[in-house]
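Coordinate analysis (summary)
In case you want the letters, here they are:
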Amino acid sequence: MDNNEIMRKVTTIFQEVFDDDEMSISPEMTASDVDSWDSLTHIRLIISHELAFNIRFDTTEISELENVNDFIVLLKQKIS
Amino acid sequence: MSINNYLLNMGWLSSPSENFSKQLKSFSKRECTAAEIQFFARHSLNINTYSKLAKIINEAIKRKDDLSPLINFNLAVVSSATISFIIPALVSTAARYGIALTVHEAPYNQVMQTALGHNNCFSGLKLDAILVFVDYEGLPIQNIEKKYGEGDEVFDVAINYLLQVKDNLKSRYNAPCIINTIPQTTENLFGSIDAQVSNTPRNLIQRINTELVVGLNDSDNLLLDLASLAENVGLSIWHDPIMYNLAKLPFSQQVVPLFADHVCRLLAALRGKSRRVLVLDLDNTLWGGVIGDDGINGIKIGHGSALGEAYLSFQQYVLKLHERGIVLAISSKNNDKIARSPFISHEDMVLKENHISVFRANWENKATNIIKIADELNLGLDSFVFFDDNPAERKLVREQLPDVFVPEIPTDPAFYASALAAAGLFEAVYFSHEDKIRINSYADNRRRKELRESSLDMNEYLKKLNMTATYSLVNNDGLKRVVQLISKTNQFNLTTKRFSEQEVSSRMDNDKYFSLQIRLEDSFGDNGLVSVVMCEKNHSNWEIDLWIMSCRVIGRDLEFSAINEIVREANKKGISNIIGRFIPTERNELVKGHYKKLGFEFVKDDDGASVWKLDVNNYNQHNVPLKVIHN
């Protein structure tokens, strides 16, 4: 799966979770940039990605996420 | 799909089509009808699709759209863990059960506060039921010092807490509570003995669950048996410590749809919306093969082949459903007479014609047949379940009669019963008073004790097995199984002669031979055809040249009953002696003393074999604790 493909898939998941078809994501984006990004949405994001990519994030990985870029980097590691 | 995935992914539901998500999205932009909502709800949903569907339903309810025939239901949720995630799943699942659900959530981890009315969170609401979700971590016993192996204090604190919560909620809000049993822990302390050592988590959970089951039996509160659901799923899948630590999610997100389904089954049953009729296909559903092509001796049903056993076990489960009150009907594309023939004359069929309320075998479309069955039974299509191995028939019925529930099923018939059970279509919340008495724990303990005491005496044990032996001459129906037993049996085999199908068949209807087949039924079920004895006439004697018995019924004294039977027949035919022969092999040590035990006299050794004789005219019938039927 190349970079573009991953980004497309991640964007679709974000759009589904936030229920916003127009949503675009950027590497430096954090939870505080999006109004509806609360702790429950955060969990839904994690779980949706786990389901879509068939992976599991472990406790340390989840704790160290700071922004969308961290998340994409981690995701790439997990599926490579 | 393995059966475990079938359960987790709720494989009985149709999987969503590719553009399901898009379709759902287009609906969220406009008002939609109850039928449209139900169309979506009947598919298996994931965390995003059930959230979306729940949103559509919530808005429709808020707008007070006409959602009939969905019925409104107000459910309050009180939980010791984070249950917010589960609420959208509850709302969209309820629609599948014909319920427009509104959920009112108490603040996180305020179970007792809510019960005592400290937070007014449900004031002014008319509640239909209260879901009380408490897991082991939610019990107020975490900080009590536990002395392992002694004392009831911890248990008392836990159970009193739960009972107080339940009683206060019920009297404050005047609605029945749904109380869950607590899923077991995977964190053992000592190991296998945990259940025996008081105050270990396993021991406490077990005692609490037992108490809840008994305690709720008399009230109008409802039991949600989460412990058994978690067991079915597997505790190591059920528990998700990562998500528990992250957000106090009480169980893995994978099981959320399944959890919601189990809650909604109770709500549906409470509103009388459980299903009551099971319509079954025949070929490759109740037996293997096609009765019209393969004929009554060619279909696979019953003992002797794994495939036949698989269909048999499904029939046994269906029969149990019938016994608990589920109406059975048949819809099959078949000639009526041919379709009925196995029910009438195949010995291995567990289901008989009298179990079937409506039998429709013809060449009409199955949807048409189901409508006619519904008319005949005078029941609505929403009480119907249609079970068919053929995906095309399932699709047709699902499309033409969306109210009939048509489970998707595994391709392997070995899983038919567990699949039908997993789908939980016949949920009940009440049962008769007699049943209640029967599950009374006191009676249970007494029965267990009785069983233990009585099993010391073999004779008593055998009597309690309620055995019935059915004798018949070897015939075409049993031929395949007889030949199979002959080829497979090594232990209880006096001569280890391996007759072929032709040899056995040529002895049928021939006066020179006497071939007996024996079936045995007991309180554990029907063991099928388990024993064969074959004799050849030599002057006025019968020489037994084959005596075999399946190892699953060894030790039941069936051989004593068989010799009674052989002597009885020999008498009728004017036979004076029965000659037995034991030919030792490496594997039939078990029957070395067989003829002596049965009362035969030793005659001679013959080239390693021993020869035995029984005088028919001086024979005393053995007393055997089983019922005999001649067929």
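These numbers were taken from a predicted model, which means no experiment stands behind them.

Turning to the packing of helix 1 (residues 3-18) of chain A against helix 4 (residues 68-79) of chain A, a few remarks are in order. Residues and elements named next belong to chain A. Across the interface, helix 1 lies against helix 4 with an axial gap of 11 Å and an inter-helix angle of 120°. Put simply, helix 1 runs oblique to helix 4. Viewed along their axes, helix 1 and helix 4 form a crossing whose handedness is right-handed. Here Asn3, Ile6, Met7, Val10 and Phe14 of helix 1 lie close against helix 4, whose contacting residues are Val68, Phe71, Ile72, Leu75, Lys76 and Ile79. Here the contact of helix 1 with helix 4 is built from residues that sort into nine nonpolar, one polar and one charged.

The next thing to look at is the interface of chain B and chain A. At the junction of the two partners, chain B supplies 18 residues and chain A supplies 17 residues. Where chain B touches chain A, the interface holds four salt bridges. Where chain B touches chain A, the interface holds six residue pairs in polar contact (both at pLDDT 80 or more). For the side of chain B that touches chain A, the secondary structure elements donating two or more residues are helix 2 (20-28), helix 4 (47-62) and helix 11 (241-247) of chain B. Of all the elements, helix 4 of chain B adds the most residues to the side of chain B that touches chain A, at five residues. Residues belonging to the side of chain B that touches chain A are distributed by class as follows: seven nonpolar, six polar and five charged.

We now examine the domain arrangement of chain B. Under the domain assignment, chain B is made up of domain 1 (3-270), domain 2 (277-423) and domain 3 (456-630). Summarising the inter-unit geometry, the C-alpha centres of domain 1 of chain B and domain 3 of chain B are found 57 Å apart.

So, on to the packing of aromatic side chains. All names here are of chain B. Scanning all chains against the criterion turns up 23 aromatic pairs over all chains. Arranged with centres 5.4 Å apart and planes meeting at 70°, the rings of Phe20 and Phe40 form a pair that is edge-to-face. Placement of Phe20 in helix 2 and of Phe40 in helix 3 (residues 34-41) is noted, with a sequence separation of 20 residues between them. Here the two residues Phe20 and Phe40 agree in accessibility, since each one is buried. Plain terms: the ring middles of Phe133 and Phe251 are 5.9 Å apart, the flat faces sit at 70° to each other, and that makes the pair edge-to-face.

As a rule of thumb, soluble globular proteins bury nonpolar side chains together. Membership of the largest hydrophobic core comes to 135 residues, with the highest contact counts inside it found for Phe14 of chain A together with Trp12, Leu75, Leu90, Leu278 and Phe343 of chain B. Here the element with the most residues in this core is helix 12 (residues 256-270) of chain B; it accounts for eleven residues. For this core, the two domains that each supply at least three residues are domain 1 (3-270) and domain 2 (277-423) of chain B. Look past the residues within four positions of Leu278 of chain B in its chain and what remains in contact with it is Val318, Leu321, Ile326, Val327, Leu328, Ala329, Val385, Phe387, Leu420 and Phe426 of chain B. In this structure, Ala469, Trp542, Ile566 and Phe582 of chain B belong to the second largest nonpolar core, which totals 39 residues.

Only a minority of non-glycine residues have a phi that is not negative, and only a minority of peptide bonds are not trans. Residue and element names in this part refer to chain B. The step from Ser68 to Pro69 runs through a cis peptide bond, and the omega angle for that step is 10°. Position of Pro69 relative to the elements: it lies in the loop between helix 4 and strand 1 (71-79). Even without being glycine, Asn199 reaches a positive phi, approximately 80°. Mapping Asn199 onto the fold places it in the loop between strand 4 (177-180) and helix 8 (201-216). By relative accessible area, Asn199 is classed as buried at 1%. One non-glycine residue, His539, lies in positive phi territory at about 55°. As for its placement among the helices and strands, His539 is situated in the loop between strand 12 (525-538) and strand 13 (541-549). For His539, a relative accessible area of 74% corresponds to the exposed category.

About the criteria used
Residues numbered from 1 in each chain as written. Chains lettered and ligands numbered in written order. Predicted model: local features only at pLDDT ≥ 70, side-chain atom pairs only at ≥ 80, totals over all residues. Heavy atoms only, no water. Axes fitted to C-alpha atoms, helices over the stretch in contact; angles between N-to-C directions. Helix = DSSP H or I, 4+ residues; strand = E, 2+ residues; numbered from the N terminus. Parallel < 35°, antiparallel > 145°, perpendicular 65-115°, else oblique. Left-handed = near helix turned anticlockwise from the far one by under 90°. Contact = heavy atoms within 4.5 Å. Nonpolar A, V, L, I, M, F, W, Y, C, P; charged D, E, K, R; others polar. Salt bridge = Lys/Arg side-chain N within 4 Å of Asp/Glu carboxyl O. Polar contact = N/O pair within 3.5 Å; in protein donor to acceptor, adjacent residues only side chain to side chain. Domains from an automatic or database assignment. Phe/Tyr/Trp six-rings, centres within 6.5 Å; stacked < 30°, edge-to-face > 60°. Buried < 20%, exposed > 50% of the residue type's maximum accessible area, 1.4 Å probe, protein only. Core = buried A, V, L, I, M, F, W, Y, C linked by side-chain atoms within 4.5 Å.

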